[in-house]
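Summary of the model geometry
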Amino acid sequence: MDSGEVDAVWNGPQSIEALSYLRKAFEEADGPTRMDRLMQVDIGTYLPEDVLVKVDRASMAHSLEVRSPFLDHRLVEFAARIPAEYKWRYGKKKWLLKRAFEDYLPEKIQNRSKQGFSVPVDAWFRGDLRDDAQIAIERLGNREAFDERALQRIYEDHTSGQKDRGFQLWDLLILDAWFERFF
């Protein structure tokens, strides 16, 4: 959810600086350019606190050992010393990496869009999890800090097919489960 959507459903107290740790990490980063500092923040926060945790949990759940060769500390340290203009050049990301492998990878592989893995939550909430989402929305809507009508709009937008709100519904389902367990 973006901040406007959160404001629409949440009537409780507001956090003034929910992501202040990211601002602090950026201010403490010592890279020579803004891009270098942003990369330092990613390496110090987003990778270990989000991406790598998810990869680790998913792989362990299936008895897989995952390696991230581009995260070898020697390669990361080397890449940190590369001037920013070689990391993003002519409007192309990973310019130097692509140049290094241009003789080994076909052009269509080098220039294709990123392909992530995502779960089909949009279909789940229009199918098997539809009733679970409705129950979660109703329970959250009965809590003082939430706007029941705004929550219901998210559910109806999604289940009617007007908008894809699957990930917002997923967040709300998890939030409801948290409330049910701890309150």
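Residues numbered from 1 in each chain as written. Predicted model: local features only at pLDDT ≥ 70, side-chain atom pairs only at ≥ 80, totals over all residues. Heavy atoms only, no water.

1. Quick word on the nonpolar core
Quick note on the threshold: Put simply, a nonpolar core is a bunch of buried Ala, Val, Leu, Ile, Met, Phe, Trp, Tyr and Cys residues held in one set by side-chain atoms that sit within 4.5 Å of each other. Burial classes follow relative accessibility: with a 1.4 Å probe on protein chains only, a residue under 20% of its type's maximum area counts as buried, one over 50% as exposed, and anything between as partly exposed. Here, residues are in contact when the closest pair of their heavy atoms is within 4.5 Å.
With 18 residues, the main nonpolar core has Phe-125, Ile-137, Leu-140, Phe-146, Leu-151, Leu-169 and Leu-172 as its most contacted residues. The residues contacting Leu-140, other than those within four sequence positions of it, are Phe-146, Leu-151, Leu-172, Leu-175, Asp-176 and Phe-179.

2. Here we look at the packing of aromatic side chains
The following threshold applies: Any pair of Phe, Tyr and Trp rings, taking the six-membered ring for Trp, is counted once the centres come within 6.5 Å. Such a pair is stacked with planes under 30 degrees apart, edge-to-face with planes over 60 apart, and tilted for the rest. Helix and strand labels come from DSSP, where a helix needs a run of H or I of at least four residues and a strand needs a run of E of at least two; each type is numbered from the N terminus. Either the NZ atom of lysine or the CZ atom of arginine qualifies as a charge over a ring when it sits within 6 Å of the ring centre and within 35 degrees of the ring normal.
Throughout the structure, instances matching the rule amount to ten aromatic pairs. Ring geometry for Phe-146 versus Phe-179: centroids 5.9 Å apart, planes at 85°, classification edge-to-face. Of this pair, Phe-146 sits in the loop between helix H9 (130-141) and helix H10 (148-159) while Phe-179 sits in helix H11 (residues 166-182), and the two are 33 residues apart along the sequence. The pair Phe-146 / Phe-179 is uniform in exposure class, with both members buried. Through a chain of ring-to-ring contacts, three or more aromatic side chains come together here, namely Phe-146, Trp-178, Phe-179, Phe-182 and Phe-183. Sitting over the face of the ring of Trp-95, Arg-89 holds its NZ or CZ atom 4.7 Å from the ring centroid.

3. Looking at the pattern of salt bridges
When charged atoms on two side chains of opposite charge get close, those side chains can pair. Under the convention used in this document: When a carboxyl oxygen of Asp or Glu is within 4 Å of a side-chain nitrogen of Lys or Arg, the pair counts as a salt bridge.
What the rule picks out here adds up to ten salt bridges. Taking the shortest distance from any N to any O, the salt bridge between Arg-74 and Asp-72 comes out at 2.8 Å. On the basis of relative accessible area, Arg-74 is assigned to the exposed category, the value being 56%. Asp-157 is paired through a salt bridge with Arg-165; the nearest N and O atoms lie 3.3 Å apart. The exposure class of Arg-165 is buried, given its relative accessible area of 10%. One salt-bridge network, held together by shared partners, links Arg-139, Arg-143, Asp-176 and Glu-180.

Honestly, that's just the spatial picture; any functional story needs more than this.
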